[in-house]
Amino acid sequence: MSSAAEKAFEELKETVGRVTVDNPKMQAKNVDVFYGDKQAIFDVTCDIGKNEVIAMIGPSGCGKSTFLRCMNRMNDTIPSCRVGGDILLEGDSLYSSSVDPVMLRARVGMVFQKPNPFAKSIYDNVAYGPRIHGLANNRAELDDIVESSLQRAGLFDEVKDRLNAPGTSLSGGQQQRLCIARTIAVNPEVILMDEPCSALDPIATARIEELIDELRENYAIAIVTHSMQQAARVSQRTAYFHLGKLVEVGETKTIFTNPTHELTENYITGRFG
Amino acid sequence: MDKLHLDQHISQQFNQELEDIRNQVLAMGGLVERQVTNGLTALVENDGDLATQVSEADYQVNAMEVEIDEECIQVLARRAPTASDLRLIVAVIKAITDLERIGDEAEKLGRFAAELSGSNRTLEYRRELRHLGGLVQSMLHDSLDAFARLDADMALKVAQRDDDIDLEYDNLSRLLTTHLMEDPRRVTELLMITWCARALERIGDHSVNICEYVVYLVKGRDIRHTNIGEAGAEDGQTNA
């Protein structure tokens, strides 16, 4: 890091740009995350708006995935992990003792880097969530949920004749769309995506990106990506993380043409930083 | 262009590409400036040889525009530049279009100078262009300086000097119209001189454009089709 950038980072008291939105779905407020005694996230405040895609970018180890995982309490599974501050979904704290993490994860779904279909049929992959959450009263309703989820994930036409084939028999891009179908089958409000295309080829990536844009009509989406161009293509707002701090948040169109903070500029233009 | 930290990309090759583009734009600017100076000198000094030289050298300006454009397209396609890198490429693509047009205006000066160089009859009128030409030359020079130094404040100040050029052009037009009315037999020659004045005035306009690209490049702000005086005031400048 250049000394000027280093100094600017040290002097960074609060995030540059507007961290709030007029119509928030989720609100992270002064979030700190520790793994044991090591602090991974420092005082991050950021909203996710309804019907928006927010991209989280930054170098490896900057805390963007850690932050994303706080949004549906995935970090609960790591014993040494402690989360400070608060995260609200529609105004209610995720971390209050009355919240059941399993119910929460139905409302805030997650798609991972590597497609991870269950070792079950395509049908059962999608039906799994609705079954455990009791969303269907009978087989016909379940069929409807499975079909509409596969439709919305843009996969139905490709798999309608082999719904009983194993999910793992699909190509990588199809598996990822299956995982997205599985996520939306339980009618979530927010979808978190952790590098959803990094294992996919450009064509499968383009399909997922197109899908993300369609899903935005009904969901709030936060996506962590290492591809700056992907962030530029799919998101309306972009958040830049650096060494655990949220350096800058802004409209994607501004971040990629005229970012404010030197560190953001250095990162997105591929300068030493 | 140190402000842009062009040499700090992780990719050395990218550094080199941007550096090359930057150097070529500066070279093109120098060439265009020389063309304008020579065109004007040929006109007011009645130098037919220099005039021909100017009109024949315009192809070099055109060739540079094509070459720089090609390099910019390569950077856009292969590097997908963002932020200041993107603004640099966009500013360069636009600036060289204006430079090429300035080159065309200089070529016009050369062509008319060559045609008029047969006699000394219009020399007194042509010398009236000297003052306007001086204003235009210095404005072009300073706008290219602002580009080379990435000095947005300077660019805003330079752009405002176009008002003086427009005023001088209006005065000159009135003067030439008066001469035309007094001596209609010389209408062809006097029209050529009017066109030369017009060419100089246009160079002023292109210089304003270059200044606007400097502001866009440095500050990320588009001040085209706005009041440039107000744009400067927004930045807290106190310039007149």
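A. Looking closely at the pairing of strand β2 (residues 38-49) of chain A. Residue and element names in this part refer to chain A. Where strand β1 (residues 24-35) meets β2, eight bridges bridge the pair, whose relative direction is antiparallel. Across the sheet, the residue bridging to Y35 is K38, located in β2. Between the antiparallel neighbours β1 and β2 lie two residues, among them G36 with a positive phi of about 60°.

B. Quick peek at unusual backbone geometry. Located in the positive-phi region is A:E90, a residue other than glycine, with phi close to 50°. With respect to the element layout, A:E90 can be found in the loop between β4 (81-89) and β5 (92-93). Phi at B:H225 takes a positive value of approximately 55°, unusual for a residue other than glycine. Assignment of secondary structure puts B:H225 in the loop between α8 (187-219) and α9 (228-234). Residue B:H225 is classed as exposed on the basis of its relative accessible area, which comes to 80%.

C. Structural view of helix α7 (residues 162-182) of chain B. Residue and element names in this part refer to chain B. With 21 residues, α7 extends 30 Å from end C-alpha to end C-alpha; this agrees with the ideal 30 Å at 1.5 Å per step. The complete set of buried residues in α7 reads D162, I165, E168, Y169, L172, S173, L176 and H179. Along the axis of α7, the buried residues cluster in a sector spanning 145°; they form a single face. Structural note: α7 exposes D163, L167, R174, M181 and E182 on the side pointing more than 90 degrees away from its buried face. Among the structural elements, α4 (123-126), α5 (129-149), α6 (152-160) and α8 are those in contact with the buried residues of α7.

D. Inspection of the packing of aromatic side chains at higher detail. A full pass over the atoms with the stated rule returns four aromatic pairs over all chains. For the ring pair A:F67 and A:F241, a centre distance of 5.5 Å and an interplane angle of 45° mean the geometry is tilted. With A:F67 in helix α2 (residues 64-70) and A:F241 in strand β9 (residues 237-242), this pair connects stretches of sequence that are 174 residues apart. Across this residue pair, the class does not change: A:F67 and A:F241 are buried. The ring of A:F118 has A:R182 lying over it, and the distance from NZ or CZ to the ring centre is 4.1 Å. The ring centre of B:F112 lies 5.8 Å from the NZ or CZ of B:R111, which sits over that ring.

E. Representation of the sheet that holds strand β8 (residues 220-224) of chain A. Residues and elements named next belong to chain A. Across the sheet, which stays open at both edges, the six strands sit in the order β6-β7-β8-β3-β9-β10 with mixed pairing between neighbours. Strand pairing shows two members of the sheet lacking a second neighbour, β6 (108-111) and β10 (245-251), which therefore form its edges. Taking the axes of each pair of neighbouring strands and ignoring which way they run, one obtains an average angle of 20° across the sheet. Across four bridges, the pairing between strand β3 (residues 53-57) and β8 is parallel. Bridge pairing links V53 to I221 in β8.

F. Quick peek at the pattern of salt bridges. All names here are of chain A. Under the defined criterion, the tally for this structure stands at 29 salt bridges over all chains. Between E11 and K7 there is a salt bridge; the shortest N-O distance is 3.3 Å. With a closest N to O distance of 2.6 Å, E189 and R107 form a salt bridge. Taken together, the residues span a long stretch of sequence, with E189 in the loop between α7 (172-184) and β7 (190-194) and R107 in helix α3 (residues 101-107) at a distance of 82 residues. Judged by its relative accessible area of 22%, E189 falls in the partly exposed class. In the salt-bridge network here, residues are joined through shared partners; they are K25, K50, E90, R107 and E189.

Definitions and cut-offs
Throughout this description, residue numbers start from 1 for each chain and increase along the sequence as written. Chain letters start at A and ligand numbers start at 1, both assigned in the order the entries are written. Per-residue local features are limited, in this predicted model, to residues with pLDDT of at least 70; the limit for side-chain atom pairs, both in listing and counting, is 80 or more; totals at the level of whole chains, interfaces and linings are taken over all residues. Values reported for side chains reflect all heavy atoms of the structure, with hydrogen atoms and water molecules removed beforehand. Pairing between strands is defined by DSSP: at least two bridges between them are needed. Under the scheme used here, helices are H or I runs from DSSP no shorter than 4 residues and strands are E runs no shorter than 2 residues, and both carry numbers assigned from the N terminus. We call a residue buried when its accessible area falls under 20% of the maximum for its residue type, exposed when it is over 50%, and partly exposed in between, using a 1.4 Å probe and counting protein chains only. To estimate how far a helix should reach, multiply one less than its number of residues by 1.5 Å. Here, the arc refers to the directions that run from the helix axis to the C-beta atoms. Whether two residues are in contact is decided by their heavy atoms, any of which lying within 4.5 Å being enough. Under the pairing criterion, centres of Phe, Tyr and Trp rings, with the six-membered ring standing for Trp, must be within 6.5 Å; the plane angle then separates stacked pairs below 30 degrees from edge-to-face pairs above 60, leaving the rest tilted. A positively charged side chain is recorded as over a ring if its NZ (Lys) or CZ (Arg) lies within 6 Å of the ring centre. The angle to the ring normal must also be within 35 degrees. Note on method: axes are straight lines fitted to C-alpha atoms, helices fitted across the in-contact stretch only, with angles between N-to-C directions ranging 0 to 180 degrees. Take a side-chain nitrogen of Lys or Arg and a carboxyl oxygen of Asp or Glu: if they are within 4 Å of each other, that pair is a salt bridge.

None of this, on its own, says anything about what the molecule does.
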